[in-house]
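# Structure assessment
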Amino acid sequence: GAVVSQHPSWVICKSGTSVKIECRSLDFQATTMFWYRQFPKQSLMLMATSNEGSKATHEQGVEKDKFLINHASLTLSTLTVTSAHPEDSSFYICSASRDSGSQETQYFGPGTRLLVL
Amino acid sequence: QKEVEQDPGPLSVPEGAIVSLNCTYSNSAFQYFMWYRQYSRKGPELLMYTYSSGNKEDGRFTAQVDKSSKYISLFIRDSQPSDSATYLCAMSALGGYNKLIFGAGTRLAVHP
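Notes on the structure follow. As the structure is a computational prediction, the values presented were derived from the model and not from experiment. (Residues numbered from 1 in each chain as written. Chains lettered and ligands numbered in written order. Predicted model: local features only at pLDDT ≥ 70, side-chain atom pairs only at ≥ 80, totals over all residues. Heavy atoms only, no water.)

## Topic: the overall build of chain B
When its secondary structure is counted, chain B shows 0 helices and 11 strands. For 112 residues, the compact-globule formula gives about 13 Å, and the C-alpha radius of gyration of chain B, at 13 Å, lands near that figure. Viewed in the frame of its principal axes, chain B has a C-alpha envelope of about 40 × 25 × 25 Å. Counting all 112 residues of chain B, 46% fall into the buried class. (Helix = DSSP H or I, 4+ residues; strand = E, 2+ residues; numbered from the N terminus. Rg over C-alpha atoms; globule rule 2.2 N^0.38 Å. Buried < 20%, exposed > 50% of the residue type's maximum accessible area, 1.4 Å probe, protein only.)

Next comes the structure, spelled out in structure tokens:
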């Protein structure tokens, strides 16, 4: 149990275009989903936290109008990188958590590799 | 100063060795501590999850938390080539379901 998928697994796009990445919890309902970015040989940096049916909370320094997040259901969250530029090229990883129980944790998706030309 | 410090390595050990991975942190509010394993170009996989201080063992893996020293460790016994990966420590003040702060990750290579 606790499987999280992401689609696509990799994407190449031209500078200035928008890219949408989907994150799905396959066998559980995710009350909260998180979006991370990971540059080569660096750690995961949290970009935003989203709860189903409410606005996402973006971390300091992450432009909310550039990185649009929609958490329309308990099993799906989407990240849209608008007007992508080469510096947005990175590995984007989502995670999902089931509930607020103290022993619960986040389950991570396999990641989406974005290359902006 | 980063909230979580972790030596990025790389760490290279022979098969069968005991591996010790460590993280230090500065935020005394952290109570939940996790270790994730990440293979190249994959998402992190949860290995160990501990709350507060103490030890936790699961098979070849042992996690230790020393809150007084703000220091956590992951030990891998009888290391295998399949253990070659990046190991990330992560911490949270409110629970693993909430905002996690990650270390930089330590790259481990276990050679036959």
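Once the structure has been displayed, the description carries forward.
## Some points on the packing of aromatic side chains
All chains considered together, the criterion is met by 11 aromatic pairs over all chains. Consider the rings of Tyr36 of chain A and Phe102 of chain B, whose centres lie 5.6 Å apart with planes at 90°: the pair is edge-to-face. You can see Tyr36 of chain A sitting in strand E4 (residues 32-38) and its partner Phe102 of chain B sitting in strand E10 (residues 101-102), one on each of two chains. Pair check on accessibility: Tyr36 of chain A and Phe102 of chain B agree, each one buried. Ring-pair connections join several aromatic residues into one group, and the members of that group are Phe34, Tyr36 and Phe108 of chain A together with Tyr36 and Phe102 of chain B. In this structure, Lys66 of chain A is placed above the aromatic ring of Phe67 of chain A, and the distance from its NZ or CZ to the ring centre is 5.8 Å. Looking at Arg113 of chain A, its charged tip hangs above the ring of Phe91 of chain A, at a distance of 4.4 Å from the centre. (Phe/Tyr/Trp six-rings, centres within 6.5 Å; stacked < 30°, edge-to-face > 60°. Lys NZ or Arg CZ within 6 Å of the ring centre and 35° of its normal.)

## Considering the pairing of strand E11 (residues 106-111) of chain B
Residues and elements named next belong to chain B. Going residue by residue along E11, you find Thr106, Leu108 and Val110 tucked away on one face and Arg107, Ala109 and His111 left uncovered on the opposite face. When strand E2 (residues 11-14) meets E11, the two strands line up parallel, connected through 4 bridges. Its bridge partner lying in E11, Pro14 is registered against His111. The pairing of strand E9 (residues 85-92) with E11 spans 3 bridges and is antiparallel. Its bridge partner lying in E11, Ala85 is registered against Leu108. (Pairing = 2+ DSSP bridges.)

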